[in-house]
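Working through the structure, step by step
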Amino acid sequence: MTTTETLTVNPVLRVAPAAPADAAAFFRASLVFHADVSDVAAALAADGDPGFVVLDSRSTAAWDQGHVPGAIHLPTALIPEQAEQLLDKAVPVVTYCWGPGCNGATRAALALAELGYQVKEMLGGFEYWVREGFEFETWEGRERRTADTLTAPADSDDCGC
């Protein structure tokens, strides 16, 4: 290998991948903290209690534009004063906000965890809930949009992930 080749390292490998055991620990930990939209939707659609509640941490104006059916509306700023009235500490909470470009669900999850709640963040937020074609509620009733084929398979309910 020439000196030029050693200096021109692929940007992906500029920092070497983690050892397999370290990678497994990291990705296992990630699943402890996150759930994706399709898994949340499947659990909510199944018969019976999904074993968690969904919490929308956005403003009232955002909630009115649309939200996950059955979600609890609790803006992040109100969590310290209202969480105990709306949530049971024995039931895990899945938080969401607008989408992957917003860290509101992360802030809500932090606030809840600091109060003693078991919590996960729903990756993709409301944006991906709608983009994947799941039903949502507005002040006018329930709606559903056609799934975006860039986020969900066109001919299947299962992405195979």
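Report on the accompanying structure. Residues take numbers from 1 onward in each chain, read along the sequence in its written order. In keeping with the model being predicted, local features are shown solely for residues with a pLDDT of at least 70 and side-chain atom pairs are shown and tallied solely at 80 or more, while totals for entire chains, interfaces and linings include all residues. In computing side-chain properties, one takes all heavy atoms of the structure into account and sets aside hydrogens as well as water.

1. Some thoughts on the overall build of the protein chain
Strands are runs of DSSP state E lasting at least 2 residues, helices are runs of H or I lasting at least 4, and numbering of each runs from the N terminus. Within the protein chain, the secondary structure is distributed over 7 helices and 7 strands. Counted from the first residue to the last, the protein chain has its helices and strands arranged as α-α-β-α-β-α-β-α-β-α-β-α-β-β. What the globule rule says is 2.2 Å times the number of residues to the power 0.38, and the radius of gyration is computed from C-alpha atoms. Against the globule reference of 15 Å for 161 residues, the protein chain gives a C-alpha radius of gyration of 19 Å, more extended than a compact globule. In terms of its C-alpha atoms, the protein chain occupies a principal-axis envelope of roughly 65 × 40 × 30 Å. Note on exposure labels: buried denotes an accessible area under 20% of the residue type's maximum, exposed denotes more than 50%, and partly exposed covers the range between, all computed with a 1.4 Å probe on protein chains only. Among the 161 residues that make up the protein chain, the fraction classed as buried is 32%. Every accessible area reported is derived by Shrake-Rupley at a probe size of 1.4 Å, with residue values counting cover from the shown protein chains alone. For the protein chain, the exposed area adds up to about 10300 Å²; of that, 56% sits on carbon and sulfur atoms.

2. Some words on the sheet that holds strand E5 (residues 119-123)
Overall, parallel pairing links the 5 strands, which are arranged E1-E5-E4-E2-E3 in an open sheet. Of all strands in the sheet, those with a lone pairing partner are strand E1 (34-36) and strand E3 (72-73), marking the two edges. Between any two strands, at least two bridges found by DSSP are needed for them to pair. Pairing of E1 with E5 involves 3 bridges; the strand directions are parallel. Across the sheet, Ala35 pairs through a bridge with Met122, a residue of E5. The contact definition used throughout considers only heavy atoms, calling two residues in contact when any of these lie within 4.5 Å. Axes here refer to lines fitted to C-alpha atoms; in helices the fit is confined to the stretch in contact. Angles between the N-to-C directions go from 0 to 180 degrees. Of the strands in this sheet, strand E2 (53-56), strand E4 (93-96) and E5 touch helix H6 (residues 104-114), which is tilted by about 150 degrees from E4.

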